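Close look at the chain arrangement
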Amino acid sequence: MRGKKVKKFITVKYQIESDKIERPFTIGMVSDLHNVVFGEKNRNLLKKIREIKPDLLVIPGDLVLGKPDASLKKPEDFLREAVKIAPVFYAPGNHEQRMKLYPKVYGTEYLGYEKRVQRMGVKILENRTETVQIKGQPVAVSGLEIPYEYYLKREKKLEKKDLVKLVGKPDKDCFQILLAHTPKYARTYLEWGGDLIFSGHYHGGMARLPILGGVISPDWKLFPRYCRGEFSQNGGSLIVGAGLGEHTIPVRFLNPRELVVVRCMPKDSQEKGTVK
């Protein structure tokens, strides 16, 4: 009997520069895993993360699968190994939020999961900021948790003043990272003024077409602009990952699952090209 087919993913690499960076460092991003595993206990994904040697691992939400009776063991097992590789910063996605908001639907296990992974050393950022030292330089990491209604109402707007009220102003004295699950408010994130923003949620548009890009977002918007890739404005960069998993509609067409790697360099650095 043949074994169960192991899911595959690709590694997508970016490079950004900033005059706030003195020494190069590497960030790995895992988004929208949704309880998917790559090999037993995610050994294939963890192996690749070890290979890229990240100085920081960020998770902009939806590591879990927000469905009644869905297990939290898989994301917990992943985090237990991930914190051995690099500091882990984790902002909630809509799946984490709804499990926490509606225990009558999803049970109360999520609260226990959150406490256990924090005891492991995972930094959960719910509208707060922590500063981490990377190679002797401070890096501020903020995690955004928008009110859940922003996922439900298609035309709901998030303005800069709303973002500041939720997560505060960006740190101008050091390199500032923002973890913001949905790229729906990409323009607001870039206007906010951070140096590097990480998002997911759109799963790359589910299917991708040549020239047109991603086809549809989770809120049924056709051809959403900010569904995968790098977007820059006023010296800041937004990286949107296509995610590593899927859930209700498990469709991907010309849209591989991806682990994202960002090489962060001093301005005008001699190190060019993709990460090796």
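Note that the coordinates shown come from a computational prediction; the quantities given were computed from them, not determined experimentally.

Strands sit in the order E6-E7-E8-E9-E13-E12 across an open sheet of 6 strands; the sheet is mixed. Strand pairing shows two members of the sheet lacking a second neighbour, strand E6 (128-134) and strand E12 (229-233), which therefore form its edges. Within the sheet, the average angular offset between the axes of one strand and its neighbour, ignoring direction, is 20 degrees.

Time to look at the pattern of salt bridges. A complete count under the given rule lists 19 salt bridges for this structure. The salt bridge partner of Glu-246 is Arg-257, with a shortest N-O separation of 3.1 Å. Taken as a pair, Glu-246 in the loop between strand E13 (236-240) and strand E14 (258-266) and Arg-257 in the loop between E13 and E14 lie far apart in primary sequence, 11 residues in all. Assigned by exposure class, Glu-246 and Arg-257 land together as buried. Among the charged side chains, a network of salt bridges with common partners joins Lys-73, Glu-76, Asp-77, Arg-80, Glu-109 and Arg-116.

Right, let's get into the packing of helix H2 (residues 73-82) against helix H5 (residues 109-120). The interhelical angle for the contact between H2 and H5, taken along N-to-C directions, is 10 degrees, at an axis separation of 10 Å. Considering their axes alone, H2 and H5 lie roughly parallel with respect to each other. Across the interface between the two elements, Pro-75, Glu-76, Leu-79 and Arg-80 of H2 pack against Tyr-113, Arg-116, Val-117 and Met-120 of H5. Of the residues contributing to the contact of H2 with H5, the split by class is 5 nonpolar, no polar and 3 charged.

A contiguous patch of positive charge on the surface is contributed by Arg-154, Arg-187, Lys-221 and Arg-225. Within the secondary structure layout, Arg-187 lies in helix H8 (residues 186-192). Residue class for Arg-187 comes out exposed when judged on its relative accessible area of 57%.

Next up on the list: a nonpolar patch on the surface. On the surface, a cluster of nonpolar side chains totalling about 770 Å² of accessible area is made up of Leu-209, Ile-211, Leu-212, Leu-222, Phe-223, Phe-253 and Leu-254. Looking at where Leu-254 falls in the secondary structure, it is placed in the loop between E13 and E14.

Here strand E9 (residues 196-199) shows a buried face lined by Leu-196 and Phe-198 and a second buried face lined by Ile-197 and Ser-199. By the bridge criterion, 3 bridges tie strand E8 (residues 175-179) to E9 in an arrangement that is parallel. The partner of Leu-178 across the bridge, within E9, is Ile-197. Strand direction decides the pairing type here: E9 and E13, joined by 4 bridges, are parallel. Opposite Ile-197, over in E13, you have Leu-238 as the bridge partner.

Moving on to the sheet that holds strand E4 (residues 88-90). A sheet is described by the order of its strands in space; here 6 strands give the open sequence E1-E14-E2-E3-E4-E5, paired in mixed fashion. Looking at which strands have only one partner, the edges of the open sheet turn out to be strand E1 (10-18) and strand E5 (123-124). In the sheet, strand E2 (residues 25-29) pairs with E14 via 5 bridges, with the strands oriented antiparallel. If you follow Phe-25 over to E14, its bridge partner there is Cys-264. On the sheet, helix H1 (residues 43-52) packs against E1, E2, strand E3 (56-59) and E14 and is oriented at approximately 10 degrees with respect to E14.

We now examine the packing of aromatic side chains. All told, the structure shown has 7 aromatic pairs when counted by the stated rule. Seen in terms of ring centroids, Phe-25 and Phe-175 are 5.9 Å apart; in terms of plane orientation they differ by 80 degrees. Their pairing is edge-to-face. Residue Phe-25 is found in strand E2, and its partner Phe-175 is found in strand E8; the two are separated by 150 residues along the sequence. As far as burial versus exposure is concerned, Phe-25 and Phe-175 are alike and both buried. Taken together, the ring pairs in this structure connect Tyr-102, Tyr-148 and Tyr-151 into an aromatic cluster. Above the ring of Tyr-150, the side-chain terminus of Lys-156 is found at 5.3 Å from the ring centroid.

Calculation criteria
Residues numbered from 1 in each chain as written. Predicted model: local features only at pLDDT ≥ 70, side-chain atom pairs only at ≥ 80, totals over all residues. Heavy atoms only, no water. Pairing = 2+ DSSP bridges. Helix = DSSP H or I, 4+ residues; strand = E, 2+ residues; numbered from the N terminus. Axes fitted to C-alpha atoms, helices over the stretch in contact; angles between N-to-C directions. Salt bridge = Lys/Arg side-chain N within 4 Å of Asp/Glu carboxyl O. Buried < 20%, exposed > 50% of the residue type's maximum accessible area, 1.4 Å probe, protein only. Parallel < 35°, antiparallel > 145°, perpendicular 65-115°, else oblique. Contact = heavy atoms within 4.5 Å. Nonpolar A, V, L, I, M, F, W, Y, C, P; charged D, E, K, R; others polar. Patch = residues over 30% accessible without salt bridge, like charges linked within 9 Å, V, L, I, M, F, W, Y side chains within 5 Å. Areas by Shrake-Rupley, 256 points an atom, 1.4 Å probe, with all protein chains shown as cover. Lys, Arg positive; Asp, Glu negative; His and termini not counted. Charge placed at Lys NZ, Arg CZ, Asp CG, Glu CD. Phe/Tyr/Trp six-rings, centres within 6.5 Å; stacked < 30°, edge-to-face > 60°. Lys NZ or Arg CZ within 6 Å of the ring centre and 35° of its normal.

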